[in-house]
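Results of the structural survey
If you want the building blocks of each chain, they are given just below.
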Amino acid sequence: MSVSSHPRFLTYENAHVVAENFGTPVYVYDEATLKGNAADVLAFPNAFGLTARYAMKAAPNAAILKLFGAAGLHFDASSGHEVRRAMAAGIPPGKISLSAQEIPDDLVELLDLGIDFNACSLNQLERFGKLKRGGSVGIRFNPGAGSGGNNRTNVGGPSSSFGIWHEWIPQIKELLETYDLTATRIHTHIGSGSDPEVWLKVAKMNFDLVRQFPDVVTLNLGGGFKVARMDDEIATDLQVVGKPVKEKFEEFAAETGRQIHLEIEPGTFLVANACSLLASVQDVVSTGEEGYHFIKLNAGMTELLRPSIYGSQHPIHLLQEKTNPDSQDYVVVGHCCESGDILTPAPGDPEVLSTRKLPVAAIGDYIAIDGSGAYASSMTPKHYNSYPEAAEVMLGESGTPRLIRRRQKIEAIWENEV
Ligand SMILES: *Cc1c(COP(=O)(O)O)cnc(C)c1O
């Protein structure tokens, strides 16, 4: 791989300020990027109204939830705990929709507070019916196809357990009847990617479902909009993918008289490129002529797991006060005693090492790992090797960093042990 250009919003200077004030490793979110992304999502083409939700599991820090809430986004929660977390951040329950693999024990209470609920299995639909006879409910479908980046990010099709399989419509209708329920929303989330053709296909499949349920007024197309973390990746242009979708809504209205409200709920798109993980080089080693040069960070899978489990690619930038003119191919590894803790796997294959050409590194240099906003801080094998949770910082629009999560106190790791 070639020497990557420059970080998205970190420089040696502002990285140094963040490191001096808050230490490393630290997640640095960029307020201007978050706001810009929210504005893009809220401008998604629509025919009869739009509710854009932030899939908060991507990065659930209260400062991010508050910023998105103020921008006009609603929220998608993946567990009852996420609903509680959003509410604790001041998000009104009426702006939260729950689509979960596991029904929370306090579902009735959450429903009474005013959250929306999608039944994601026949069992969930039945349990909802028993709790809320006569109520309105959303149905999450598995429409039979998916377009995830790999087997682990694919969220539709026969090998995915998410949502109710599209062939079980008769069973759904029976449950609706038994419990006097009204299906008002249809939801699918299959990862629509960046290709307008795929979006159109997804919209068509969804309208086939909407047709089956006359009371449905809202169609939620989920998230999964691809972003370009690396230079050679293709980002989703929401105006481009949204145009044929909007036309499909209009066509459906002309044909049936039903003006369906659109919901979308991206996570990745809103936050992925709005955060850089700032770490420090704590060691540099080599394994000889036939081997590799390794940079060891004071961060790793405990802060950014995606490379280790998906082989996902993140831009890695070495930040030096004066950039070393000499370069070297490095394998960048994390701080865990775990051979899988690598930041430079082969693309899509965490089993294979790859290298990045970086300026010759010295202990103490900073490393900025871009594209670390989505499923980074929120998805870590927390406390492995007993490393505490890293701090989180928001780089304000004026360029001033402010703390949004303290570095965890080491005692917090064992405080619940008895
Ligand atoms: C995770 C999730 C999303 C967001 O997915 P991204 O790929 O981060 O955009 C949206 N909807 C549901 C139901 C999800 O579980």
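Read on for an overview of the structure. (Residues numbered from 1 in each chain as written. Predicted model: local features only at pLDDT ≥ 70, side-chain atom pairs only at ≥ 80, totals over all residues. Heavy atoms only, no water.)

**Structural notes on the pattern of salt bridges**
- Per the counting criterion, the structure on display carries 15 salt bridges.
- Here Arg 53 makes a salt bridge to Asp 116, at a shortest N to O gap of 3.6 Å. Separated by 63 residues along the polypeptide, Arg 53 in strand E2 (residues 50–55) and Asp 116 in strand E5 (residues 116–119) bring together distant segments of the chain.
- Relative accessible area serves as the criterion here: at 2%, Arg 53 is assigned to the buried category.
- A salt bridge links Glu 263 to Arg 53; its shortest N-O distance comes to 3.0 Å. With Glu 263 in strand E10 (residues 261–264) and Arg 53 in strand E2, this pair connects stretches of sequence that are 210 residues apart. With respect to class, Glu 263 is no different from Arg 53; both count as buried. (Salt bridge = Lys/Arg side-chain N within 4 Å of Asp/Glu carboxyl O. Helix = DSSP H or I, 4+ residues; strand = E, 2+ residues; numbered from the N terminus. Buried < 20%, exposed > 50% of the residue type's maximum accessible area, 1.4 Å probe, protein only.)

**Observations regarding the packing of aromatic side chains**
- All told, the structure shown has twelve aromatic pairs when counted by the stated rule.
- Summarising the aromatic geometry, the rings of Phe 207 and Phe 249 are spaced 4.9 Å apart at their centres and angled 80° between planes, so their arrangement reads as edge-to-face. Of this pair, Phe 207 sits in helix H8 (residues 196–212) while Phe 249 is found in helix H9 (residues 238–256), placing the two residues 42 residues apart along the sequence.
- Judged by its relative accessible area of 0%, Phe 207 is buried.
- Linked through ring pairs, Phe 44, Trp 199, Phe 225 and Phe 269 together constitute an aromatic cluster.
- The positively charged end of Lys 173 is found above the aromatic ring belonging to Phe 213, 5.4 Å away from the centroid. (Phe/Tyr/Trp six-rings, centres within 6.5 Å; stacked < 30°, edge-to-face > 60°. Lys NZ or Arg CZ within 6 Å of the ring centre and 35° of its normal.)

**As for the site of the ligand**
- Around the ligand lies a shell of 13 residues, among which Lys 57, Gly 224, Glu 265, Thr 268 and Tyr 375 are the nearest.
- The fraction of the free accessible surface of the ligand (380 Å²) that becomes covered by protein chains is 89%.
- Of the residues contributing to the shell around the ligand, the split by class is three nonpolar, six polar and four charged. (Near = heavy atom within 4 Å. Areas by Shrake-Rupley, 256 points an atom, 1.4 Å probe, with all protein chains shown as cover. Nonpolar A, V, L, I, M, F, W, Y, C, P; charged D, E, K, R; others polar.)

**A look at the side chain of Asp 30**
- On the secondary structure map, Asp 30 appears in strand E1 (residues 26–30).
- Here Asp 30 occupies a buried position and makes no salt bridge, while the nearest side chain of opposite charge, Arg 8, is found at 9.1 Å.
- A polar side-chain atom of Asp 30 sits 2.5 Å from a polar atom in the side chain of Thr 33.
- The residues contacting Asp 30, other than those within four sequence positions of it, are Phe 9, Ala 274, Met 394 and Leu 395. (Lys, Arg positive; Asp, Glu negative; His and termini not counted. Polar contact = N/O pair within 3.5 Å; in protein donor to acceptor, adjacent residues only side chain to side chain. Contact = heavy atoms within 4.5 Å.)

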